[in-house]
Amino acid sequence: MDIAQFRLDFPEFSDSVRYPDSQITFYSTIAETMTNADKWKTLWLQGVELYVAHEITLAAQSSQAGQNGSVPGQQGGPINSKAVGSVNVGYDTVTGSEKNAGWWNLTSYGKQYFRLSRMIGVGAVQL
């Protein structure tokens with residue numbers, strides 16, 4: 001995967017300080033192995049890039065948690081209810097989720113990767 005092309009395809013990751021090339025390379029190496037090119041065919045690059053975007057989004061969340069004094073690496077799902085004083089907010093966490101996608105549902109990129117993998121018929125992770 002070409003990092004410059006990844007940053008063009010996903011301009012939200014254009015900040016090379018916040019999302020260093022080394023981190024993108026780390027996850028793209030995994031993604032290129034896990035996303036079977038023979039099955040993904042012309043969508044292989046899109047799959048790899050979505051995989052990387054998913055992973056670096058989760059890594060950014062962990063980094064932010066560490067900077068805020070929290071424990072990095074802890075994951076939670078989408079908020080489905082929150083109360084502050086007398087104000088309550090709830091979200092529909094089922095409609096926007098991919099069934100049986102597990103941790104792929106933690107980012108919009110993971111959902112897209114998982115959805116594509118099901119359409120291609122290879123499952124979310126291939127060996």
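Since the model is a prediction, treat every value here as computed from it, not as a measurement. (Residues numbered from 1 in each chain as written. Predicted model: local features only at pLDDT ≥ 70, side-chain atom pairs only at ≥ 80, totals over all residues. Heavy atoms only, no water.)

Draft legend 1. How the structure looks around unusual backbone geometry. Backbone geometry places lysine 41, a non-glycine residue, at a positive phi of 50 degrees. Relative to the assigned elements, lysine 41 resides in the loop between α3 (37-40) and α4 (44-67). With a relative accessible area of 61%, lysine 41 lands in the exposed category. (Helix = DSSP H or I, 4+ residues; strand = E, 2+ residues; numbered from the N terminus. Buried < 20%, exposed > 50% of the residue type's maximum accessible area, 1.4 Å probe, protein only.)

Draft legend 2. Main features of the environment of tyrosine 109. Take tyrosine 109: it is sitting in helix α5 (residues 108-120). Residue tyrosine 109 is classed as buried on the basis of its relative accessible area of 14%. A C-alpha to C-alpha distance of 6.1 Å links tyrosine 109 and alanine 53, two positions 56 residues apart in sequence. Sequence-distant contacts of tyrosine 109, that is, excluding residues within four places in its chain, are made with Phe10, Glu12, Phe13, Leu50, Ala53, His54 and Thr57. (Contact = heavy atoms within 4.5 Å.)

Draft legend 3. Representation of α5. Under the 1.5 Å per step criterion, the end-to-end length of α5 is 18 Å for 13 residues, consistent within 8% with the ideal 18 Å. Residues of α5 that are buried include every one of Tyr109, Gly110, Lys111, Tyr113, Phe114, Leu116 and Ser117, and no others. Glycine 121 sits one or two residues past α5 and shows a positive phi near 90 degrees. (Expected span 1.5 Å × (residues − 1).)

Draft legend 4. Representation of the confidence of the model for the protein chain within the structure. Averaged over every residue, the pLDDT of the protein chain is 82; residues scoring 70 or more account for 72%. Of all helices and strands in the protein chain, the one with the weakest mean pLDDT is strand β1 (residues 82-84) (70), whereas helix α1 (residues 3-9) scores best (97). (pLDDT = per-residue confidence, 0-100.)

Draft legend 5. Spotlight on the side chain of arginine 7. With respect to the secondary-structure elements, arginine 7 resides in helix α1. The exposure class of arginine 7 is buried, given its relative accessible area of 12%. Among all residues touching arginine 7, those that are not within four sequence positions of it are Phe13, Ser14, Asp15, Ser16, Tyr19, Pro20, Asp21 and Ile24.

Draft legend 6. Local environment of the pattern of salt bridges. On inspection of all chains with the given rule, the structure shows one salt bridge. Among the ionic pairs, aspartate 21 bridges to arginine 7, the shortest N-O distance being 2.7 Å. In this pair, aspartate 21 is assigned in helix α2 (residues 21-34) and arginine 7 in helix α1, connecting sequence segments 14 residues apart. Taking relative accessible area as the criterion, aspartate 21 reaches 39% and is therefore assigned partly exposed. (Salt bridge = Lys/Arg side-chain N within 4 Å of Asp/Glu carboxyl O.)

Draft legend 7. Representation of the packing of aromatic side chains. This model, assessed by the stated rule, comprises twelve aromatic pairs. On the basis of an interplanar angle of 20 degrees and a centroid distance of 5.7 Å, the ring pair of phenylalanine 6 and phenylalanine 13 is categorised as stacked. Phenylalanine 6 sits in the buried class, given a relative accessible area of 0%. On the basis of relative accessibility, which here comes to 3%, the residue phenylalanine 13 falls in the buried class. Ring centres of phenylalanine 13 and tyrosine 109 lie 5.5 Å apart, and the angle between their planes is 50 degrees; this geometry places the pair in the tilted category. Here the residue phenylalanine 13 occupies a position in the loop between α1 and α2, and tyrosine 109 occupies one in helix α5, the gap between them amounting to 96 residues. Through a chain of ring-to-ring contacts, three or more aromatic side chains come together here, namely Phe6, Phe10, Phe13, Tyr19 and Tyr109. (Phe/Tyr/Trp six-rings, centres within 6.5 Å; stacked < 30°, edge-to-face > 60°.)

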